Structures are given as structure tokens and as C-alpha cells.
Amino acid sequence: MKKFLMAAAAAALLTACAGGPTPYQPISKDVGGYSETKLESNRVRVAFAGNTLTDRETVENYLLYRSAETTLANGFDYFIVNTRATDAKSRTYGTAYADPFWDYGPYPWRSRYYDPFWDRPFGRYQSYDQTTVTKYEASGEIVMFKGTKPADNAAAFDARDVVKNLEGKVRRPEPAKP
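For every chain, the first residue of its written sequence is number 1, and the numbers climb from 1 along that sequence. Side-chain atom pairs in this predicted model are given and counted only at pLDDT of 80 or more, local residue features only at pLDDT of at least 70, and totals for whole chains, interfaces and linings cover all residues. No hydrogens and no water enter the side-chain calculation; it runs on all heavy atoms of the structure.

**Digging into the overall build of the protein**
Only DSSP runs of H or I reaching four residues or more are called helices, and only runs of E reaching two or more are called strands; each is numbered from the N terminus. Along the backbone of the protein there are three helices and seven strands. Counted from the first residue to the last, the protein has its helices and strands arranged as α-β-β-α-β-β-β-β-β-α. Each residue is placed in one exposure class: buried if its accessible area under a 1.4 Å probe, protein chains only, is under 20% of its type's maximum, exposed if it is over 50%, and partly exposed if it falls in between. Looking at the protein as a whole, 30% of its 178 residues qualify as buried. Residue contacts are defined here by distance: any two heavy atoms, one from each residue, within 4.5 Å place the two residues in contact. Long-range contacts, defined here as pairs at least 24 residues apart, represent 72% of the contacts in the protein between residues at least 6 apart. In these tables, accessible area is a Shrake-Rupley quantity obtained with a 1.4 Å probe, and a residue counts as shielded only by the protein chains included in the view. For the protein, the exposed surface amounts to about 11900 Å²; the carbon and sulfur share of it is 54%.

Take a look at the structure:
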């Protein structure tokens, strides 16, 4: 029970500090977000980085959504994903617990308190918990075009359709409180 409460407290602290999954926003060092680099007049490198509470699917959806927005903002109709990759960066954290306990020994009238730091036969700590967190970052290079999307190219996306279909999945940042 104590381990469960400690894990719940750690999760609550992590959630409170991080503020939830990364919203769809320009890149921020602490939170993540989207970025883009124009390479040519119709070629852009787009990226989206999530925090530890943002799942892979959301990061990849935000990458496509940003690609579609960029395409429309530059006056184009569709884009072709030239290259795309999703990287996962995992980190493992450990927490040790030193719980004292009583040993009643072979005689009921005698008890001895064990010091949790010195009397453990298998090391200082009674238990050790590990938590692994993962951050996802998706990036891609897109080429933007005018006209109708070619039906035979699976890497081509109609920018208006992408925006329309993914709009409901996009979580924008909370407005600043006065």
C-alpha cells in the first residue's frame, strides 16, 4: 500500500509539473511543440516534440497537422511527405524505500528493532521501484504543390482534408489567466 501511495504521489507531482500532454503550439524548451524550417520555396522540414505525457500517435498527428497548416499558409493545396521519422527517447528513474520493521525473534517476550540502513542482509533498501518515461519527437520533410493531389501517391496528403480530419484531435494551449 505504501508503494502504491508513493507511486501515485510521484505521478501526481509529474502531472502537476508538466501540465499534461504537450499542446499544439510553437516549440518551447520546457514543454515541446512544433517547429519548421523552410528549405526551398516549396520544401519545408517540420517537427513536433512532445513531453513525457504525450503519446506517439498525438505527436505524429500534430506533425501531419502542422504540415497541412504550413502547406495552406504558403498558398499550396497538397503536400508529399518526402522523409518522416519518429524518435523515442526513454529515461528510467528509480526510487528506493527504506522501511523499518520489527523482528519478534524466537521468543515472544523479546523484540528487536532493525535499522533499515544497516541491518538489511541484501543491501540498504527494502525495495526499489523503477519508472520509465518516454518522449516522442516526429520530424519530416515535405514538398508542397498546387492543384489536385495525385491519387496514385500514398505519400501525398490533401492539406484541407488533413486539417478538417485532425482538427478535433488538436489540443491547443490554455489561454493565459489574467
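**Some words on the nonpolar core**
Side chains that are nonpolar tend, in soluble globular proteins, to be buried together. Within this scheme, the nonpolar core is defined by two criteria: the residues are buried Ala, Val, Leu, Ile, Met, Phe, Trp, Tyr or Cys, and they are joined through side-chain atoms within 4.5 Å. Within the largest apolar cluster, 22 residues are counted, with the highest numbers of intra-cluster contacts made by Tyr24, Phe79 and Ile142. Elements represented by at least two residues in this core include exactly strand 2 (43–49), helix 2 (56–73), strand 3 (78–97), strand 6 (127–145) and helix 3 (159–166). Top element by residues in this core is helix 2. It accounts for six residues. Not counting chain neighbours up to four residues away, the residues in contact with Ile142 comprise Asn42, Arg43, Val44, Val46, Ser67, Thr71, Phe79, Ile80, Val81 and Asn82.

**Comments concerning helix 3**
Every buried residue of helix 3 is listed here: Ala159, Val162, Val163 and Leu166. When helix 3 is viewed along its axis, its buried side chains cluster within an angular range of 95° and face the same direction. Residues of helix 3 that are exposed and point over 90 degrees away from its buried face: Lys164 and Asn165. Throughout, the arc means the angular range of directions from the helix axis out to the C-beta atoms.

**Looking at the environment of Thr86**
Structurally, Thr86 is set in strand 3. The sequence separation of Thr86 and Tyr136 amounts to 50 residues, and the corresponding C-alpha distance is 6.8 Å. The residues contacting Thr86, other than those within four sequence positions of it, are Arg56, Glu60, Tyr136, Glu137 and Ala138. N or O atoms within 3.5 Å of each other form a polar contact, as long as, within protein, one can give a hydrogen and the other can take it, and as long as residues adjacent in sequence are counted only when both atoms are side-chain atoms. At a separation of 2.7 Å, a polar atom in the side chain of Thr86 contacts the side chain of Glu60.

**Some details on the packing of helix 2 against helix 3**
Only the stretch in contact is used when fitting a helix axis, every axis being a line fitted to C-alpha atoms; angles between N-to-C directions are given from 0 to 180 degrees. One can describe the packing of helix 2 onto helix 3 by two numbers: an axis separation of 8 Å at closest approach and a directional angle of 135°. As far as their axial angle goes, helix 3 and helix 2 are oblique. Once helix 2 is placed against helix 3, the crossing between them reads as left-handed. Facing Asn61, Leu64, Tyr65, Ala68, Glu69, Thr71 and Leu72 of helix 2, the residues of helix 3 in contact are Ala159, Arg160, Val162, Val163 and Leu166. Under the convention adopted here, Pro, Cys and the residues Ala, Val, Leu, Ile, Met, Phe, Trp and Tyr are nonpolar, Asp, Glu, Lys and Arg are charged, and Gly plus all remaining residues are polar. Tallied by class, the residues present in the contact of helix 2 with helix 3 amount to eight nonpolar, two polar and two charged. Roughly parallel means an angle under 35 degrees; roughly antiparallel, over 145; roughly perpendicular, 65 to 115; everything else is oblique. Each crossing gets its hand from how the near helix is turned against the far one by less than a right angle, where anticlockwise is left-handed and clockwise is right-handed.

**Looking at the packing of aromatic side chains**
Between 30 and 60 degrees the pair is tilted, below 30 it is stacked and above 60 it is edge-to-face, where a pair is any two Phe, Tyr or Trp rings, Trp via its six-membered ring, whose centres lie within 6.5 Å. Under the counting rule described, the total for this entry stands at six aromatic pairs. Relative to Phe145, the ring of Tyr78 lies with its centre 5.4 Å away and its plane at 25°, an arrangement referred to as stacked. Pair noted here: Tyr78 is in strand 3 and Phe145 is in strand 6, with a separation of 67 residues, a long-range link. Residue Phe145 is classed as partly exposed on the basis of its relative accessible area of 29%.

**Regarding the pattern of salt bridges**
Note on pairing: side chains with opposite charge can pair once their charged atoms come close. We define a salt bridge as a contact between a side-chain nitrogen of Lys or Arg and a carboxyl oxygen of Asp or Glu at a distance within 4 Å. Inspection of the entire model under this criterion finds seven salt bridges. With a shortest N-O distance of 2.8 Å, Arg66 and Glu69 are connected by a salt bridge. Here Arg66 pairs with Glu69, and both are found in helix 2, just three residues apart, close to one helical turn. Taking the relative accessible area as the measure of exposure, Arg66 reaches 13% and is therefore buried. When its relative accessible area of 22% is taken as the criterion, Glu69 is described as partly exposed.

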